[in-house]
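Secondary and tertiary structure notes
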Amino acid sequence: MPLDPGTAALLELIEAAPYPPMHESTPEVARKAFRAMTVDLVTPETQVPVGSVEELTVAERPARLYRPAGGGAVPTLVFLHGGGWVIGDLDTHDQTCRRICADGELAVLSVDYRLAPEAPYPAAVEDTLAAVAWAADHLGELGGGDRLGVAGDSAGGNLAAVAAQVLRDRVDAQVLIYPATHVAGDYPSRVDNGEGYFLDMATMTWFAAHYLGETADLDDPRHSPLLGDLSELPPALVVTAEFDPLRDEGEAYADRLEAAGNPVVRVRYDGLVHGFIDMGLMSPAAATALADVAARAGALLRS
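Attention here is on the structure that accompanies the text. Remember, it's a predicted structure, so these values are computed and weren't measured experimentally.

1. Let's talk about the sheet that holds strand 8 (residues 264-273)
Taken in spatial order, the eight strands line up as 1-2-4-3-5-6-7-8 in an open sheet, and their pairing is mixed. Every interior strand has two partners, whereas the edge strands, strand 1 (52-58) and strand 8, have only one. Ignoring which end each strand starts from, the neighbouring axes of this sheet average 20° apart. Where strand 2 (residues 61-67) meets strand 4 (residues 107-111), four bridges bridge the pair, whose relative direction is antiparallel. Bridging from a neighbouring strand, A63 pairs with V111 of strand 4. Against the sheet, helix 9 (residues 284-302) touches strand 3 (74-80), strand 5 (144-153), strand 6 (173-177), strand 7 (236-243) and strand 8, its axis set at about 175° to strand 8.

Listed below in structure tokens is the structure:
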């Protein structure tokens, strides 16, 4: 289907913004640009309400716990933000976590893992595994329920998939939102959607170079979970977008999960691009998609 009009308008604004293309920038400037299109657009009137928000330290990293209104025990979902392992933080994904908390009726624990290039691979993986293990030991203090999920978008979806593999006996569900699953892979969507749809191939290469450097083993499943052991993994929700260079590797991961005998719910949002969960203020279609993802995540953790 055609590109969503709200998304098209946002892409025009991004093109006109006073920031260089990310792959021609520095991590510091790229982080400021990402905050400008996420944090700076939120007003008190547009902030998604939740029951409570608490700042924590989890496994020596800053974290933020969102609880839904109404009280009572609910499942806990550890959320890892996207941003190519280089940009993004607790604030850039505050609205997303609020929406997942409210519409999914989940306690959401957002974790601020270390970023590259200051802390390259495997720092983000180490922080993620430590945080998920900590959450598994403290469910009573988080959501109060006895079920734990891992979730993330893009690079965060990559980290969530890795955590579900490494800690498969401690995780009950995984929610992978347009995840990066195969860093060195070759997929048609990387060509078809490689330019003009927010995330482009030049930026993906820039992210990977900062995260992995020049010496990483490209077959390591701790950065490319598609190459890992997918047997006996927790049920998965795999989300993709039509105009996303990562679309095909996300759907290939869903295929492999199913082939290995794991329960999988998959959904592709047509007309949308990579990053749509942060685009709801400009795109009603993106806002509706995020609400649907949140509801599906809540249902998966309660199934």
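2. Structural notes on the packing of helix 3 (residues 94-104) against helix 9
Between two packed helices, both the angle of their axes relative to each other and the distance between the axes serve to describe the pair. Orientation of helix 3 relative to helix 9, taken along the N-to-C sense of each, is 55°, at an axis distance of 8 Å. When the axis of helix 3 is compared with that of helix 9, the two are oblique. For the pair helix 3 and helix 9, the sense of crossing is right-handed. Packed against helix 3, whose contacting residues are T96, R99, I100, D103 and G104, the element helix 9 presents L290, A291, A294, A295, G298 and R302 at the interface. Grouping the constituent residues of the contact of helix 3 with helix 9 by class yields five nonpolar, three polar and three charged.

3. A few points about the packing of helix 4 (residues 123-137) against helix 5 (residues 155-166)
The contact between helix 4 and helix 5 brings their axes to 10 Å, and the two run at 55°. Taken together, the axis directions place helix 4 and helix 5 in an arrangement best described as oblique. Crossing angle aside, the handedness with which helix 4 passes helix 5 is right-handed. Here A124, V125, T128, L129 and V132 of helix 4 come into contact with helix 5, specifically with L159, V162, A163 and V166.

What counts and what doesn't
- All residue numbers refer to positions counted from 1 along the written sequence of the respective chain.
- At least 70 in pLDDT is required for a residue's local features to be given in this predicted model, at least 80 for side-chain atom pairs to be given and counted, and no such filter applies to totals for whole chains, interfaces and linings, which use all residues.
- Side-chain metrics in this entry use all non-hydrogen atoms of the structure; hydrogen atoms and water are not considered.
- Only strands that DSSP links by at least two bridges are regarded as paired with each other.
- Numbering goes from the N terminus for both helices and strands, where a helix is a DSSP run of H or I of at least four residues and a strand is a run of E of at least two.
- The axes used here are C-alpha line fits, helices contributing only the stretch in contact, and every angle between their N-to-C directions lies in the interval 0 to 180 degrees.
- Any pair of residues with heavy atoms lying within 4.5 Å of one another is described as a contacting pair.
- Comment on the angle field: the value is read as roughly parallel under 35 degrees, roughly antiparallel over 145, roughly perpendicular from 65 to 115, and oblique elsewhere.
- In this scheme, a crossing is called left-handed if the near helix is turned counterclockwise away from the far one by less than a right angle; it is called right-handed if the turn is clockwise.
- Side-chain classes follow a simple rule in which Ala, Val, Leu, Ile, Met, Phe, Trp, Tyr, Cys and Pro form the nonpolar group, Asp, Glu, Lys and Arg form the charged group, and the remainder, Gly included, forms the polar group.

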